[in-house]
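Listed here are the chains, written in short residue letters.
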Amino acid sequence: NELEVDEIIILDIGIDYNKVAISFQNLKDIASECFIPLSYGGGISSINQAEKIFKLGFEKIIINTFAFQKKMFLEELIKNFGGQSIVHSIDIKKTFFNSQSIFTESGSKRIKFKLFDWLKYIEDIGIGEILITNIDNEGTWQGFDFELIKKVSKLMSIPVIAHGGCGNYDDIKKIFDYSCGDAVAVGSMFVFQKKGMGVLISYPTTNDLKKIF
């Protein structure tokens, strides 16, 4: 709140893999303290769950795994809540021969759909935004998958959020200048851990953002 962050994305990335329930109480506690737009993803598999999260104060929900388990689920969500409130998260990682495929359940399950065929489908049904993560890059601080984001951004007419691997402000700038992305989601770089695992939030100042844009 004090740093005037634009938006907070909360992803419970292990919830599907570990087969645990959504912690609605945690989400309620977060929403009660936060005056920043909130998005949540992780374990959402029903209209009732989505409605409950919206009622807690979250502006958007993020759907990954269950979109592939039940193809019509995204369409049902859009019909009930509008495309502007639904973000589709897609995780990509390399397979044999350096090809890239869609994975779910914390990168443990490969999806048969080809990426660009799937992107055309979700655009046609009216999804609001796409969150693209190269999970090979996550936590590395070595930069985004700029080529992947560029290909997806050129193909899609809806907002594309780049995620996974940001290491510095130049990486953020390159997403806009080179990859034509619409937004950037950053985790590790904004939460530096000091000796003894103390956490120091390091979000860009107004002057830092001026350098990026």
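Scroll up to find the structure this text is about.
The model shown is predicted, which means the values in this text are computed figures rather than measured ones. (Residues numbered from 1 in each chain as written. Predicted model: local features only at pLDDT ≥ 70, side-chain atom pairs only at ≥ 80, totals over all residues. Heavy atoms only, no water.)

Thoughts on helix 5 (residues 73-81)
Each turn of an α-helix holds 3.6 residues, which means side chains three or four residues apart point in the same direction. For helix 5, the full list of buried residues reads Phe-73, Leu-74, Leu-77 and Ile-78. The buried residues of helix 5 occupy one face: seen down the axis, they fall within an arc of 135°. Contacts made by the buried residues of helix 5 are with helix 3 (47-56), strand 3 (60-63), helix 4 (65-69), strand 4 (86-94) and helix 6 (115-125). Gly-82 sits one or two positions beyond helix 5 and adopts a positive phi of about 90°. (Buried < 20%, exposed > 50% of the residue type's maximum accessible area, 1.4 Å probe, protein only. Helix = DSSP H or I, 4+ residues; strand = E, 2+ residues; numbered from the N terminus. Arc of directions from axis to C-beta. Contact = heavy atoms within 4.5 Å.)

As for the pairing of strand 2 (residues 38-41)
In regular strands, side chains alternate between the two faces of the sheet. Here strand 2 shows two buried faces, one formed by Leu-38 and Tyr-40 and the other by Ser-39 and Gly-41. Here strand 1 (residues 8-11) pairs with strand 2 via four bridges, running parallel. Within strand 2, the position partnered with Ile-8 by the bridge is Leu-38. Examined bridge by bridge, strand 2 and strand 3 share three bridges and lie parallel to one another. Across the sheet, residue Ser-39 finds its bridge partner in strand 3, namely Lys-60. The parallel pair strand 2 and strand 3, bridged by helix 3, forms a crossover whose chirality is right-handed. (Pairing = 2+ DSSP bridges. Right-handed = clockwise from strand over helix to strand, strands pointing away.)

Some thoughts on the pairing of strand 4
Counting buried positions along strand 4 gives seven out of nine residues, so the element sits mostly inside the fold. Sheet analysis places strand 3 next to strand 4, joined by three bridges and oriented parallel. In the sheet register, Ile-63 faces strand 4, and the bridge partner there is His-88. Where strand 4 and strand 7 (residues 129-134) come together, six bridges link them in parallel fashion. Looking at strand 7, one finds that Val-87 is bridged to Glu-129. Sheet topology note: the strand 4/strand 5 (residues 100-104) ladder contains four bridges and is antiparallel. Bridging across to strand 5, Lys-93 finds its partner in Ser-101. Here strand 4 hands over to strand 5 after five residues, with Phe-97 in that stretch at a positive phi of 60°.

Here's the deal with the packing of aromatic side chains
This structure, assessed with the given rule, holds eight aromatic pairs. Aromatic pair Tyr-40 and Phe-58: ring centres 6.4 Å apart, planes at 75°, arrangement edge-to-face. With a gap of 18 residues between them, Tyr-40 in strand 2 and Phe-58 in the loop between helix 3 and strand 3 connect regions that are remote in the sequence. The pair Tyr-40 / Phe-58 is uniform in exposure class, with both members buried. Geometrically, the ring pair formed by Phe-66 and Phe-73 is edge-to-face, given 5.0 Å between the ring centres and 85° between the ring planes. Classification of Phe-73 by relative accessible area gives buried; the value is 1%. Lying across the ring of Tyr-121, Lys-71 places its NZ or CZ 4.7 Å from the centre. Taking the ring centre of Tyr-178 as reference, the NZ or CZ of Lys-174 above it sits at 5.5 Å. (Phe/Tyr/Trp six-rings, centres within 6.5 Å; stacked < 30°, edge-to-face > 60°. Lys NZ or Arg CZ within 6 Å of the ring centre and 35° of its normal.)

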